[in-house]
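Structural features, examined
Each chain, letter by letter, is given below.
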Amino acid sequence: MSVVQRLLNPWLRAVEKRRLRTGTPAALRKALEVQARLFFHGPRGTQQRWTSYGDIPCKEVTPRGGNVERVLFYIHGGGFVFGSPDTHSAMAAQLADRIGARAVLPRYRLAPEVSFPAAPQDVRAAWDGLLASGVNPANVVIGGDSAGGALAFGLIATLCGKGAAMPGAVFGFSPLTDLTHSGVSFRGNADSDVVLPAERAEEMAELFLKGQSGKEPSVSPLYGRFEHAPPAWITVGDTEILLDDARALATRLQEDGGVAELVVEHDLPHVWPIFHNILPEGRRTLDGLGHWIRRQQNWEV
C-alpha cells in the first residue's frame with residue numbers, strides 16, 4: 001500500500017462519502033467538475049475537441065501519437081446523476097495513451113432531469129454513430145466506471161441480444177451491475193467502502209428509474225445475456241459495496257461462454273484509477289489494463 005493510498009482513503013471517507021450522503025445532484029456535479037479541473041490531467045500534448053456521433057455530443061481526446069483508427073469508447077460514471085466527459089476525459093486520455101488510441105466519451109443525459117431509458121439510448125446512439133462514421137467495431141474498446149460500467153456492459157448485453165456488431169473488448173472500473181442492489185457486499189461492505197454510501201443508493205436509483213424496473217439489462221447488465229460477447233476485464237476493490245456486482249457480472253459472462261478476467265484489489269477506493277495523477281495504484285491499474293487491451297487487440301504502441 002502506497003503512502004498516498006494510506007492518506008487518500010481517510011480523506012475520501014471524511015469528505016467525499018459525506019458529500020455523497022447529503023449532496024444534491026447540482027452540488028455533486030459542481031464538486032466533481034471543479035476537482036477534475038484541479039487534479040485530473042491527461043498526458044502532455046493531448047488534443048481535445050467536442051464533436052458528435054449519432055447526434056450525441058461527445059468529447060474526443062487524442063494523446064500525442066494516438067492512432068485515430070483505434071477507439072476507446074468510454075462511458076463516465078456518477079450514479080446516472082452527475083459526472084461528464086469533462087470529469088473523466090483525463091483518465092480516458094491516460095488509458096488511450098497506453099494503448100495508442102483516441103478516446104470518445106459520450107455526453108448522455110442525466111437524472112433527475114431526464115430518467116431511464118434516456119442514458120442507455122444516448123449511449124447506443126453514440127455507438128451507432130461512431131460505427132456510421134466508418135470506424136471498424138473490432139478496433140473499438142468499450143469501457144466505463146461505476147454507473148458508466150453499467151451502461152458499458154448494458155450496451156454489450158443489448159448488442160448481444162440484437163446480434164449486432166461487437167467491439168473488440170470491454171472493461172469496467174468498479175462497475176455497477178445490479179440496480180436492485182442484491183449483492184451481499186452491498187450490506188457487508190457498507191462501513192468499509194470509503195466512497196459510496198450504501199444508504200443512499202435506493203434514492204439515487206429512483207431518481208434515475210422513476211419507478212421502472214431495476215432489472216433492465218441495459219442498466220443492470222447482471223440480468224442480461226452475453227452470448228458472443230467480446231473479452232471482458234473487470235476490476236473492483238475488496239472493500240467496495242459493489243464487490244459482488246463485479247463478481248456476479250464476471251460469473252454471468254463466463255456462464256454465457258465468454259472470457260472475463262476479474263481483478264480484485266485490496267482496500268482501494270471506488271474507481272481508484274481516476275486518481276492516476278497522485279495514486280501509484282491507479283497508474284498500475286491503467287498499466288495493467290492497457291497491457292490486457294493491447295494483448296487482446298494485438299495492438300503495438
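The preceding data block contains the structure.
Structural notes, computed from the coordinates.

Rules used in this analysis
Residues numbered from 1 in each chain as written. Predicted model: local features only at pLDDT ≥ 70, side-chain atom pairs only at ≥ 80, totals over all residues. Heavy atoms only, no water. Helix = DSSP H or I, 4+ residues; strand = E, 2+ residues; numbered from the N terminus. Rg over C-alpha atoms; globule rule 2.2 N^0.38 Å. Buried < 20%, exposed > 50% of the residue type's maximum accessible area, 1.4 Å probe, protein only. Areas by Shrake-Rupley, 256 points an atom, 1.4 Å probe, with all protein chains shown as cover. Lys, Arg positive; Asp, Glu negative; His and termini not counted. Charge placed at Lys NZ, Arg CZ, Asp CG, Glu CD. Pairing = 2+ DSSP bridges. Axes fitted to C-alpha atoms, helices over the stretch in contact; angles between N-to-C directions. Contact = heavy atoms within 4.5 Å. Phe/Tyr/Trp six-rings, centres within 6.5 Å; stacked < 30°, edge-to-face > 60°. Polar contact = N/O pair within 3.5 Å; in protein donor to acceptor, adjacent residues only side chain to side chain.

On to the overall build of the protein chain, then. When you go through the protein chain residue by residue, the secondary structure sums to nine helices and eight strands. What you see for the protein chain is a C-alpha radius of gyration of 17 Å, in line with the 19 Å of a compact globule of 301 residues. Across its three principal axes, the protein chain shows a C-alpha extent of roughly 45 × 40 × 35 Å. For the protein chain, buried positions account for 58% of its 301 residues. Summed over its atoms, the accessible surface of the protein chain is roughly 12100 Å², and 51% of this surface lies on carbon and sulfur atoms. Positive and negative side-chain charges in the protein chain, numbering 31 and 32 respectively, have mean positions lying 5 Å apart.

Looking now at the sheet that holds strand β5 (residues 140-145). Across a sheet, paired strands are connected by hydrogen bonds in the backbone, their directions being either parallel or antiparallel. Judged by pairing direction, the sheet is mixed, and its eight strands sit side by side in the order β1-β2-β4-β3-β5-β6-β7-β8 without closing on themselves. This sheet does not close on itself; its edge strands, each paired only once, are β1 (47-53) and β8 (260-265). Strand-to-strand twist across the sheet, computed as the mean angle between neighbouring axes with direction ignored, equals 20°. Pairing of strand β2 (residues 56-62) with strand β4 (residues 101-106), which is carried by four bridges, proceeds in the antiparallel orientation. Counterpart to K59 in the pairing with β4 is L105. Here helix α3 (residues 85-99) sits on the sheet and contacts β1, β2, β3 (67-75), β4, β5 and β6 (169-173); the angle it forms with β4, its principal contact strand, is near 160°. Along the sheet, helix α9 (residues 280-297) contacts β5, β6, β7 (232-237) and β8; its crossing angle with β6, the most-contacted strand, is approximately 165°.

What follows deals with the environment of S84. Looking at the secondary structure, you find S84 in the loop between β3 and α3. A relative accessible area of 3% means that S84 is categorised as buried. Each C-alpha atom of the pair S84 and K30 lies 11 Å from the other, and the pair is 54 residues apart in sequence. Residues within four places of S84 in sequence aside, it is in contact with E33, H76 and R107.

Next up on the list: the packing of aromatic side chains. For the structure shown, the criterion picks out seven aromatic pairs. Both rings, one in F80 and one in F208, keep their centres 4.0 Å apart while their planes meet at 5°; by these two values the pair is stacked. Here the residue F80 occupies a position in the loop between β3 and α3, and F208 occupies one in helix α7 (residues 201-209), the gap between them amounting to 128 residues. In this structure, F80 and F208 share a single accessibility class: buried. Members of the aromatic cluster, joined through ring pairs, are Y74, F171, F173 and W233.

Here we take up unusual backbone geometry. Put simply, A111 and P112 share a cis peptide bond, and its omega is 5°. With respect to the helices and strands, P112 occurs in the loop between β4 and α4 (118-132). Look at the link from F116 to P117: it is a cis peptide, with omega at 15°. Here P117 shows up in the loop between β4 and α4. If you check the backbone angles, K210 has positive phi at about 50° while not being a glycine. With respect to the helices, strands and loops of the structure, K210 is situated in the loop between α7 and β7. Residue classification places K210 among the partly exposed positions, given a relative accessible area of 42%. With a phi angle near 55°, N298 is a residue other than glycine that sits in the positive phi range. Examined against the element boundaries, N298 turns out to sit in the segment after α9.

Among the structural elements, D244 can be located in helix α8 (residues 243-255). A relative accessible area of 17% places D244 in the buried class. Sequence spacing of D244 and V184 is 60 residues, and the spatial spacing of their C-alpha atoms is 6.7 Å. Discounting chain neighbours no more than four positions away, the residues touching D244 are G183, V184 and S185. In terms of polar contacts, D244 uses its side chain to reach the side chain of R247, at 3.4 Å.

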